[in-house]
Amino acid sequence: MFIVAILCCTALLHALQVLFTKFFNQNYNGDSKASPFVFAVMSGTALALLTWAIGGFSFSPSWLTVALACSKAFLVLLFNVAQINAASRGSFAIMSVFMHGGGIVVPMIVSMIALSQSLTPVQYCAVAVLIGSLFLLNARGVKGERAKRGYWMWCILLSIANGGCGALMSMQANLLDGAERTEMIAISNAVSALFALICLAFIRKRSIGEDFKKINKRAAGWLCLYFAVAVVAANLYSYAFSRANTTIVTCTDIGGALVLSALFALFIFKEKLSKLQWLGMVLSVASIIVLSI
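Within each chain, residue numbers correspond to sequence positions counted from 1 in written order. Owing to the predicted nature of the model, reporting of local features is limited to residues with pLDDT of at least 70; listing and counting of side-chain atom pairs is limited to 80 or more, with chain, interface and lining totals taken over all residues. Calculated side-chain values reflect all of the structure's heavy atoms, with hydrogen atoms and water omitted.

**Q** Explain the packing of aromatic side chains to me, and be specific about the residues and the numbers.
**A** Classification of ring pairs rests on two measures: the distance between centres of Phe, Tyr or Trp rings, Trp counted by its six-membered ring, which must be within 6.5 Å, and the angle between planes, read as stacked under 30 degrees, edge-to-face over 60 and tilted in between. For the coordinates displayed, the defined rule picks out eleven aromatic pairs. Ring geometry for F24 and F39: centres 5.1 Å apart, planes at 55 degrees, overall tilted. Taken together, the residues F24 in helix α1 (residues 2–27) and F39 in helix α2 (residues 35–54) connect sequence positions 15 residues apart. For each residue, the accessible area found with a 1.4 Å probe, counting protein chains only, is set against the maximum for its type, and the residue is called buried under 20%, exposed over 50%, and partly exposed in between. For F39, a relative accessible area of 9% gives the class buried. An angle of 70 degrees between the planes, with centres 4.7 Å apart, marks the rings of F39 and Y226 as edge-to-face. With a gap of 187 residues between them, F39 in helix α2 and Y226 in helix α9 (residues 217–241) connect regions that are remote in the sequence. The numbering of helices and of strands both runs from the N terminus, where a helix is a DSSP run of H or I of at least 4 residues and a strand a run of E of at least 2.

In structure tokens:
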């Protein structure tokens, strides 16, 4: 029950991260093209420093942790680039299905091969139902317009990048039995922030300094709230990987976060949910319960 409580808490924190990111983007006064990279630089730097501080400023990573952390940082960069390109070329809803579906399937496959983890037949069915619920939760956003060239390629890369991040975190946590969690989170976030800064400098050139000055007080407030929940979420997520099956961790986290995000949309943004979305929420919760038994 303890690990289930941890996973539910992680799902809530990840849903809050999405919410605070949305509020940051709404209040950021700079160019919308710069916003994701400015956010990535600030959040990556803050999470690296906060995690280092929480770990008592100790820092002695093994080469395995460094390699996995740097690989994860590269995948975070790929994730951001793929998300931006996919969102500008076609359906956001379909993109979301690829993103979250990859976050479940890729770690599951990697954990089966590299960590010899498996599920019961009933649990595999629950995973399939959960992936199906992703389509229902995003059904209202699917439109019939034709996707622009490159859309499907970027969706596939987004799926691989999102799933790869979870797979690498799981491998590090399992291969080192939960050790060097601070180093893994700190290095991956610091390198990710550096990659984002390089991308921002390449895209924005001389205006890069102005992009950071466009963070007003309201945007900074949401950014700080993001820091607070993200640092706790990252550490709990890594801990969960070292104590539970990878697929159960990712499914509970992604499914729970999606359900909570839908509820945020209902109660905070006053959006009406369709019958398919309600069905998707019910199936998601049912799948999570089956996986947790």
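We are not done yet, so read on.
**Q** Explain the packing of helix α3 (residues 63–87) against helix α6 (residues 151–175) to me, using residue names and the numbers behind them.
**A** Packing of α3 against α6 brings their axes to within 8 Å, and their N-to-C directions diverge by 155 degrees. One element, α3, and the other, α6, form an angle in the roughly antiparallel class. Remark: the crossing between α3 and α6 carries left-handed chirality. Residue polarity follows a fixed list, in which Ala, Val, Leu, Ile, Met, Phe, Trp, Tyr, Cys and Pro are nonpolar, Asp, Glu, Lys and Arg are charged, and the others, Gly among them, are polar. Here the contact of α3 with α6 is built from residues that sort into 20 nonpolar, seven polar and one charged. In this description, a line fitted to the C-alpha atoms serves as the axis of each element, helices being fitted only across the stretch in contact, and the angle between N-to-C directions of two axes falls anywhere from 0 to 180 degrees. Angles are sorted into four bins: roughly parallel if under 35 degrees, roughly antiparallel if over 145, roughly perpendicular if 65 to 115, and oblique for all others. Two helices that cross are described as forming a left-handed crossing if the nearer one is turned anticlockwise from the farther one by less than a right angle, and a right-handed crossing if clockwise.

**Q** Outline the side chain of D211, listing residues and values.
**A** Within the secondary structure, D211 is located in helix α8 (residues 208–213). On the basis of relative accessibility, which here comes to 2%, the residue D211 falls in the buried class. For D211, the residues in contact, after removing those within four places along its chain, are Y28, A34, V38, L200 and R204. Residue contacts are defined here by distance: any two heavy atoms, one from each residue, within 4.5 Å place the two residues in contact.

**Q** An account of the nonpolar core is needed here, citing residue identities and associated values.
**A** For this analysis, a nonpolar core means a set of buried residues of the types Ala, Val, Leu, Ile, Met, Phe, Trp, Tyr and Cys, connected via side-chain atoms within 4.5 Å. Grouped together as the largest cluster of nonpolar side chains are 59 residues, with contacts concentrated most on F20, F24, V127, V249 and L291. With twelve residues, α9 is the single largest residue contributor to this core. If sequence neighbours within four positions are ignored, F24 has contacts with S35, F39, I215, A219, W222 and L223. One finds A73, L78, A82 and L168 within the second-largest nonpolar core, a separate group that totals 21 residues.

**Q** Go over a nonpolar patch on the surface, please, and point to the residues and values.
**A** Each patch groups residues whose relative accessible area exceeds 30% and which form no salt bridge, using 9 Å between like charges and 5 Å between nonpolar side chains of Val, Leu, Ile, Met, Phe, Trp and Tyr. Calculation of accessible area relied on Shrake-Rupley with a 1.4 Å probe; when residues are assessed, cover is drawn exclusively from the protein chains displayed. We define a salt bridge as a side-chain nitrogen of Lys or Arg found within 4 Å of a carboxyl oxygen belonging to Asp or Glu. The grouping of L49, W52, F57 and F59 at the surface amounts to a nonpolar patch, some 430 Å² of accessible area in total. Relative to the helices and strands, F57 resides in the loop between α2 and α3. Assessed through its relative accessible area of 53%, F57 is described here as exposed.

**Q** So, helix α4 (residues 92–114): which residues are in play, and what are the values?
**A** To estimate how far a helix should reach, multiply one less than its number of residues by 1.5 Å. Over its 23 residues, α4 extends 32 Å from the first C-alpha to the last, a length consistent with the 33 Å expected when each residue adds 1.5 Å. By the criterion applied in these results, polar contacts are pairs of N or O atoms within 3.5 Å in which, for protein atoms, one can donate a hydrogen and the other can accept it, and in which residues neighboring in sequence qualify only through two side-chain atoms. One side-chain oxygen of the residue at the start of α4 lies 3.2 Å from the amide nitrogen of A93, identifying that residue as S91. Just downstream of α4, S116 is the residue with a positive phi angle, here 55 degrees.

**Q** Can you lay out the pattern of salt bridges for me, pointing to particular residues and giving the numbers?
**A** On inspection of all chains with the given rule, the structure shows three salt bridges. R204 serves as the salt-bridge partner of D211, at 3.0 Å between the closest nitrogen and oxygen. A network of salt bridges, in which partner residues are shared, links D31, R204 and D211.

**Q** Any details on unusual backbone geometry? Residues and values, ideally.
**A** One non-glycine residue with positive phi stands out, namely F57, at about 60 degrees. One non-glycine residue, S116, adopts positive backbone phi at about 55 degrees. Tracing the backbone shows S116 in the loop between α4 and α5 (121–137). Assessed through its relative accessible area of 64%, S116 is described here as exposed.

**Q** Can you explain helix α11 (residues 275–292)? Please cite residues and give values.
**A** Given a rise of 1.5 Å per residue, 18 residues ought to cover 26 Å, and the 26 Å separating the end C-alpha atoms of α11 matches this to within 8%. Every buried residue of α11 is listed here: Q277, G280, M281, S284, S287, I288 and L291. For α11, the angular spread of the buried residues around the axis is 130 degrees, confining them to a single face. For α11, the exposed residues set more than 90 degrees away from the buried face come down to K275 and V282. The elements touched by buried residues of α11 are α5 and α10 (246–267). The arc in question is the one spanned by the directions pointing from the helix axis to the C-beta atoms.

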